Amino acid sequence: MILSTTVTVTDTTGATGSRTATCTIGDSFVRGETEPTAANSGLGVNGIAPTALTVINGDLNITPAYMASNGNTLDRVWVKGFVTYTGTAPFTISNSIVSCRSFSTPGSPPRTAAIYARSTSTPASAVINVINSQIYAFQPDVNIVGFSGERIGVVERNDISYFSDLINHWGSRPQVYGNYLHDFTFWDNDDKHATDGSHPGWSHNDGDQTNGCIDGEWIGNAVHMLAATGAGAYSVLAASFPEGRWGSAFMLTGSTGYIVNAKIQKNWIYGGQAPICMPYQSSGAFEDGGCSWDVSGNRFCSLPDPYSTSQRQLIRWGWGKGPAPASVHDNVFGNGSEIPSALRGQPLPAAVLVGPATATGGQYIVKINA
Amino acid sequence: MGPSEHRFQVKENEMSAPVVTSVLYGKSNYQPGELMTLTVNHTDVDRKVLPTVVTVTDTTGATGSLSGSVIIDGAASVVPVSTPAVAWTLVAATLNQSVFTGTAP
């Protein structure tokens, strides 16, 4: 809301002068136009102090019985534990903190996600929405992600950090808007990737990963794919990947379902190694969704780590697997000092086909040498 | 020289209007219910402070004096009107500046 004030000064003769000035009341954030930051996401959206929150000590299980007693919303709470949602109707957490809790055995956290909504037994319409909240791990761990599950609903204007993956969608419809995603935790003891060829045991980190979805939308998020310096094995990573540039801001792999009608628009992307990764040949059986994509208006605000001495891959996907090349358009480099001056504000080049144009062959890659 | 060439410039009996030089909020964005500040800076070319000293001399030649000042063409009123409405309260004022506070709607 705009507040307009006109001040009129009248002198002793009755003559007058006046001037008008405006300011904003409440939120001036515009999705996709205002970059999410620590100040304008999470509790910053409404200027709420953590001390104003009601503390819930321990894990919170949002079950049908809990909702029958407590309703469908939680506002201004600080959950010092993990949240598990198994409701049968939509539930919304807003203006809150979820900070997980400590545990005794590293690698064996009590829950695998700060907000866990993986339940195929609930109706598809029953989801947990999380808005204007701060989500982080009090004790980060290789096996804790921020969000995980099949029943994640709207995730909007949150400040999410200190997780291996910040968001993991398991088949639900991603609706990820205006979040500040930053400081993922890198690990060199990830059993899930113990047999990797190039870096055995290194965690695969993503801002948001989905393994199959319909009508997914990732719009107006700021995704900083720079590992947290104060957790995990940052120094191991940074020795080879300066600043901890690693992983993908958006990782869409159709490993358990098709990906149809995906929109990745107007995000701000920093670092990483392959910032936008879409379905490719080896990522699962369901990549060829024949879908309608739009990957546009994204700003690459710092360069990803190079694959060779200078080749930087910004967007990539498999031939015949992800979007048609024309659906990847109007993406640009940012204007900040982290981008080489010759590239600032410039459009990304068109994708090039690397390898054969066959279902098992090549990849489209938007890349530069810098 | 003729008389007209010796004539002093006589100020016309027209006073200048005040000018609001700036209206400044304490910050560019407030949350509803938050206390706002509004600083108004204003001038008037005719505005001045006229110092006055009254000296009384008695029949012995002893004197006593009293000094004061009067504002010429000062600001009779400074009134902010906001949309949406805000009840502004004047909390400080000088010759050329008025400061108000109000609650963000």
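Residues numbered from 1 in each chain as written. Chains lettered and ligands numbered in written order. Predicted model: local features only at pLDDT ≥ 70, side-chain atom pairs only at ≥ 80, totals over all residues. Heavy atoms only, no water.

1. Brief notes about the pattern of salt bridges
Residue and element names in this part refer to chain A. Under the counting rule described, the total for this entry stands at 11 salt bridges over all chains. Its salt-bridge partner being Arg 101, residue Asp 59 comes within 2.8 Å of it at the nearest N-O pair. You can see Asp 59 sitting in the loop between β3 (54-57) and β4 (60-62) and its partner Arg 101 sitting in the loop between β9 (97-98) and β10 (113-116), a full 42 residues away along the chain. Residue classification places Asp 59 among the partly exposed positions, given a relative accessible area of 25%. (Salt bridge = Lys/Arg side-chain N within 4 Å of Asp/Glu carboxyl O. Helix = DSSP H or I, 4+ residues; strand = E, 2+ residues; numbered from the N terminus. Buried < 20%, exposed > 50% of the residue type's maximum accessible area, 1.4 Å probe, protein only.)

2. A look at the confidence of the model for chain B
All names here are of chain B. On average, residues of chain B score 84 in pLDDT, and 87% of them reach the 70 mark or higher. By mean pLDDT, the top-scoring element of chain B is strand β8 (residues 97-103) (96), and the lowest-scoring one is strand β5 (residues 63-72) (84). In the predicted complex, the global pTM is 0.76; the interface-specific ipTM is 0.80. (pLDDT = per-residue confidence, 0-100.)

3. Remarks on the environment of A:Trp170
Residues and elements named next belong to chain A. Take Trp 170: it is sitting in the loop between β16 (167-169) and β17 (175-177). Sequence separation between Trp 170 and Ala 117 is 53 residues; the distance between their C-alpha atoms is 9.3 Å. Residues within four places of Trp 170 in sequence aside, it is in contact with Arg 118, Ser 148, Gly 149, Glu 150 and Asn 211. In this structure the side chain of Trp 170 is engaged in a polar contact, spanning 3.2 Å, whose partner is the side chain of Ser 148. (Contact = heavy atoms within 4.5 Å. Polar contact = N/O pair within 3.5 Å; in protein donor to acceptor, adjacent residues only side chain to side chain.)

4. A short note on a nonpolar patch on the surface
Residue and element names in this part refer to chain B. A cluster of nonpolar side chains, contributed by Met 15, Leu 50, Val 70 and Ile 72, occupies part of the molecular surface with about 290 Å² of accessible area. When you line up the elements, Leu 50 lands in strand β4 (residues 48-57). Note on Leu 50: relative accessible area 41%, which makes it partly exposed. (Patch = residues over 30% accessible without salt bridge, like charges linked within 9 Å, V, L, I, M, F, W, Y side chains within 5 Å. Areas by Shrake-Rupley, 256 points an atom, 1.4 Å probe, with all protein chains shown as cover.)

5. Some remarks on the state of the cysteines
Residue and element names in this part refer to chain A. Applying the stated criterion across every chain, the model contains zero disulfides over all chains. Cys 301 carries a free sulfur, and the closest cysteine sulfur to it, the one in Cys 277, is 18 Å from it. Classification of Cys 301 by relative accessible area gives buried; the value is 10%. (Disulfide = S-S within 2.5 Å.)

6. Details of the sheet that holds strand β2 (residues 16-25) of chain A
Reading across the sheet, the four strands line up as β2(B)-β2(A)-β1(A)-β6(B) and stay open at both edges, with mixed pairing between neighbours. Bordering the open sheet on either side are β2 (29-30) and β6 (75-83) of chain B, each of which pairs with just one other strand. Two strands pair when backbone bridges link them, and strand β1 (residues 2-11) of chain A and β2(A) are joined in this way by nine bridges, in the antiparallel orientation. In the strand pairing of β2(A), A:Thr5 is matched with A:Ala21. (Pairing = 2+ DSSP bridges.)

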